[in-house]
Amino acid sequence: MREVNILLHCLICFFAFLAPVFVNSEDPYMFYTWTVTYGTRSPLGVPQQVILINGQFPGPPIEAITNNNVVVNVINKLDEPFLITWNGVKQRRTSWQDGVLGTNCPILPNSNWTYQFQLKDQIGTYTYFPSTAMHRAVGGFGALNINQRSVISIPYLQPDGDFTLLVSDWYKIGHKEMQRKLDAGIALPLPDGLIINGVSKGLKFHGQQGKTYKFRVSNVGIAASINFRIQGHTMTLIEVEGSHTLHEVYESLDVHVGQSVTVLVTLRAMVKDYFIVASTRFTKPVLTTTGILRYIGSKTRASRPLPIGPTYHVHWSMKQARTIRMNLTANAARPNPQGSFHYGTIPIVRTLVLANAAAKINGKLRYTVNGVSHVDPTTPLKLADWFNIPGVFDLKTIKDSPVPGGPSVLGASVIGVALHDFVEIVFQNTERSVQSWHMDGTSAYAVGYGNGTWTAAMRKRYNLVDAVVRHTFQVYPLSWTAILVSLDNKGMWNLRSQIWSRRYLGQELYVRVWNDEKSLYTETDVPPNALYCGKAKRPA
């Protein structure tokens, strides 16, 4: 009988181990091999070094369907370590694939590493980009579009075409020169211009009069918020970073650094060419770039003036942000409605108030969160956590809220929370420039925006019914933004400034979502091909 029980126990363990494989076995795999190199392009008309993927700038798009498994073999031919992060991809149960230095050892020059993750229960417009050094400033970014499965309905008619626009601010200096300036404590100047899909002008999108087209617009820049508009046309917002929205009509839309929106545009105007315009927000001077929407059969070029967009106007942007709301009756990537999760009735178990600030540490410019400027240890935080390696980080370095008058210090910033905690995070912006924050591994309800200093009384202003779920959150100058998030994805997740020079100089931290259960249903084991560095050694 003892032998039978042992055999039964082994069979149960075996099938429990394979259960995730069985669940995913019907979902298709998409395989890519990407070679990352330097190359020469002229985004602003001046030849300069950029980062190419398979010779492409921007990098090749990933066009996927919900629940696809994505396998990307990245071959690093740069002269520096390199990683790619998947902006907005939730990567259920596995922060091992996140592609940031807190979870992954970098891919060394002339070596490769293979990412593998599932686009589980997601639909929408996302991006990918380099997370190491200042690489993001010179390329390596691309589109990651996830379409719905055939069994899932969408809350709008199928469009007649699909266009992707990657809008970015751009510098004429290279990423290594940027790093030298930042390392010397010199802030970066205003960008030199804007580009769309790697070019500053001449990009054309063709459509048929009377047809409706989907425009996926992502801000893949490193510093500037942008406003997007199309001459002579209105735009109907349908999706924000994986959430179906109410179908509000806009003449122009603000898209902050790291954010993505999707709109429908119906070609109801005369057959001719029209300007597509992107311009910077909250900058002096205002930078502008254009593309062309060309009606098929057009013989008339687009003519000026360009459609007017907002420039500084903080209140205008904040007011627009409040109009973006969830469509509660629409399906998500699964059959259940988006509004079936009644987040406004869930008790908050913890509040984090995260205040950004510029500081001088050791005589040089750094950026802090609650007085701590993050420095990546040589041992990734995730590996240190998994293998219980002491001396890499602790959970006492950073406080839940800023300490007035406290010193600014360097450190490995990690906040520990329990799996499934429902947390309120308030981003407090103490400076006169707009901020943009991103959280890996999950999405959150953007429930409130307000001027001044946040207090508990501000909760009365929260949208607790139909706030949009997203992964990147703008924080206006001298203002606050509040989000509510269910931390149901176990792992070590990066919470960072999307203003890349600030992130490079320490404006980020990690959220350790943890429980003491060892289960493949909550977190996968360390991948067999995991890279090891620092104090982490490959197990014998």
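In this text, all values refer to a predicted model and were calculated from it rather than measured experimentally.

Undergrad: Where do I start with the confidence of the model for the protein chain in this structure?
TA: Predicted coordinates in areas of low pLDDT are best not read in detail. In the predicted model, the protein chain carries a mean pLDDT of 94, and the fraction of residues at 70 or more is 95%. Low pLDDT, under 50, characterises residues 1-24; the predicted model gives this stretch 9 contacts beyond four residues in sequence or across chains.

Undergrad: How should I be thinking about unusual backbone geometry in this particular structure?
TA: Across the chain, the bulk of peptide bonds are trans and the bulk of non-glycine residues have phi less than zero. With an omega of -5 degrees, the peptide bond between F57 and P58 qualifies as cis. Mapped onto the elements, P58 comes out in the loop between β2 (48-53) and β3 (62-65). Following K284, the chain continues to P285 via a peptide bond in cis, the omega torsion being 0 degrees. With respect to the helices and strands, P285 occurs in the loop between β19 (273-280) and β20 (288-295). Unlike most non-glycine residues, Q91 shows phi in positive territory, near 50 degrees. Here Q91 is to be found in the loop between β5 (84-87) and β6 (111-118). Residue Q91 is classed as buried on the basis of its relative accessible area, which comes to 1%. Phi at N197 takes a positive value of approximately 55 degrees, unusual for a residue other than glycine. As for its placement among the helices and strands, N197 is situated in the loop between β10 (193-196) and β11 (204-207).

Undergrad: Could you clarify how one ought to interpret the pattern of salt bridges in this entry?
TA: Two side chains of opposite charge can pair, provided their charged atoms sit close to one another. Under the criterion given, the structure shown has 16 salt bridges. Taking the shortest distance from any N to any O, the salt bridge between R180 and E177 comes out at 3.0 Å. Within this pair, R180 and its partner E177 are both found in helix α2 (residues 175-183), separated by 3 residues, close to a single helical turn. R180 sits in the exposed class, given a relative accessible area of 51%. Relative accessible area serves as the criterion here: at 28%, E177 is assigned to the partly exposed category.

Undergrad: How should I be thinking about α2 in this particular structure?
TA: Each α-helix winds once per 3.6 residues, and so residues spaced three or four apart point in a common direction. Those residues of α2 that fall on the buried side of the exposure criterion are H175, M178, Q179 and L182. Looking straight down α2, one finds its buried side chains confined to an arc of 100 degrees; they lie on one side. Residues of α2 that are buried make contact with β1 (29-41), β2 and α5 (500-504). In the stretch just after α2, G185 is the one whose phi turns positive, near 85 degrees.

Undergrad: Would you take a moment to explain the layout of surface pockets for this structure?
TA: Space left empty within the atom packing is revealed by a probe, the size of a water molecule, rolled over the atoms. Reported here for the second largest pocket is a volume of approximately 470 Å³. Residue lining of the second largest pocket: 25 residues in total, with L188, P189, A223, S433 and I499 positioned closest to the centre. Counting residues per element, the ones that place at least two in the lining of the second largest pocket are β22 (364-369) and α5. Looking at side-chain class alone, the lining of the second largest pocket contains 17 nonpolar, 5 polar and 3 charged residues.

Undergrad: Hey, could you run me through the pairing of β5 in this one?
TA: As a general feature of sheets, a regular strand has side chains that alternate between the two faces. Across the two faces of β5 the burial is the same, with I84 and W86 and T85 and N87 all buried. Bridge count for β5 against strand β7 (residues 124-130) is 4 bridges, and the pairing is antiparallel. Bridge pairing links N87 to T127 in β7.

Undergrad: Is there a simple way to explain the environment of V50 in this structure?
TA: Among the secondary structure elements, V50 is positioned in strand β2. With a relative accessible area of 0%, V50 lands in the buried category. Taking the C-alpha atoms as reference points, V50 and Y38, separated by 12 residues in sequence, lie 5.7 Å from one another.

Procedures and definitions
- Residues numbered from 1 in each chain as written.
- Predicted model: local features only at pLDDT ≥ 70, side-chain atom pairs only at ≥ 80, totals over all residues.
- Heavy atoms only, no water.
- pLDDT = per-residue confidence, 0-100.
- Contact = heavy atoms within 4.5 Å.
- Helix = DSSP H or I, 4+ residues; strand = E, 2+ residues; numbered from the N terminus.
- Buried < 20%, exposed > 50% of the residue type's maximum accessible area, 1.4 Å probe, protein only.
- Salt bridge = Lys/Arg side-chain N within 4 Å of Asp/Glu carboxyl O.
- Arc of directions from axis to C-beta.
- 1 Å grid on protein atoms, 1.4 Å probe; cavity = no way out; pocket = protein on both sides within 12 Å on 5 of 7 lines; lining within 4 Å.
- Points joined across faces, edges and corners; volume = space filled by probe spheres on them.
- Nonpolar A, V, L, I, M, F, W, Y, C, P; charged D, E, K, R; others polar.
- Pairing = 2+ DSSP bridges.

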